[in-house]
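One-letter residues, chain by chain:
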Amino acid sequence: MPAWTATDPPPLSPAESKALPALLPLVHAEFALSELGYFHGVTRSAENSRLAYEYYVGPAEWFAGEGGRRLLDLCGASGAAARG
């Protein structure tokens, strides 16, 4: 029997824990840009393209603000604590 399941994944490695705070905003940005590309390029929906753009910009601003920095600091501290 594995030590973990799909609902309880294995702990991050030290390298993954260290990278998480830097990657989290980038992963969100990449997803939001793919949404923007889809709505603009495939559906040609100006309204949905505008919403996708807001979905890109709003969280980017949040990650750069106090709340986002606190979350990223917490992710980094959590990874450091798990490493011991």
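Up top is the structure.
Conventions and cut-offs
- Residues numbered from 1 in each chain as written.
- Predicted model: local features only at pLDDT ≥ 70, side-chain atom pairs only at ≥ 80, totals over all residues.
- Heavy atoms only, no water.
- Helix = DSSP H or I, 4+ residues; strand = E, 2+ residues; numbered from the N terminus.
- Buried < 20%, exposed > 50% of the residue type's maximum accessible area, 1.4 Å probe, protein only.
- Contact = heavy atoms within 4.5 Å.
- Areas by Shrake-Rupley, 256 points an atom, 1.4 Å probe, with all protein chains shown as cover.
- Expected span 1.5 Å × (residues − 1).
- Arc of directions from axis to C-beta.
- Bend = angle between axes of the 7 residues up to and from the residue.
- Phe/Tyr/Trp six-rings, centres within 6.5 Å; stacked < 30°, edge-to-face > 60°.
- Polar contact = N/O pair within 3.5 Å; in protein donor to acceptor, adjacent residues only side chain to side chain.

Caption draft 1: Spatial organisation of the overall build of the protein chain. Tallying secondary structure elements over the protein chain gives three helices and zero strands in all. Start at the N end of the protein chain and walk to the C end: the helices and strands fall as α-α-α. Taking all 84 residues of the protein chain together, 17% fall into the buried category. Once local pairs closer than 6 in sequence are excluded, the contacts in the protein chain between residues at least 24 apart make up 50%. On the protein chain, roughly 6300 Å² of surface is accessible, and the fraction owed to carbon and sulfur atoms is 65%.

Caption draft 2: Helix H2 (residues 46-64), seen in detail. Between its terminal C-alpha atoms H2 stretches 27 Å, which fits the 27 Å expected from 19 residues at 1.5 Å a residue. Three or more residues of H2 are buried, namely Ser49, Ala52 and Phe63. Relative to the axis of H2, the buried residues are bounded by an arc of 70° and lie together on one face. Opposite the buried face of H2, at more than 90 degrees from it, the exposed residues are Ala46, Glu47 and Glu61.

Caption draft 3: Layout of helix H1 (residues 14-42). Look at H1: 40 Å from first C-alpha to last across 29 residues, which is about the 42 Å you get at 1.5 Å a residue. The largest bend along H1 reaches roughly 55° and is located at Leu20, with the proline Pro21 sitting one to four residues downstream. Residues of H1 that are buried: Ser17, Pro21, His28, Ala29, Ala32 and Phe39. After H1 finishes, the residue Arg44 shows a positive phi value of roughly 60°.

Caption draft 4: Layout of the packing of aromatic side chains. Evaluated as defined, the whole model comprises three aromatic pairs. Residues Trp62 and Phe63 carry aromatic rings whose centres are separated by 5.2 Å and whose planes lie at 70° to one another, so their mutual orientation is edge-to-face. Exposure remark for Phe63: the relative accessible area of 13% places this residue in the buried category.

Caption draft 5: Structural detail: the side chain of Ser49. For Ser49, the location among the structural elements is in helix H2. In terms of polar contacts, Ser49 uses its side chain to reach the backbone amide nitrogen of His40, at 3.1 Å. Each residue touching Ser49, except ones within four places of it in the same chain, is listed here: Leu36, Phe39 and His40.

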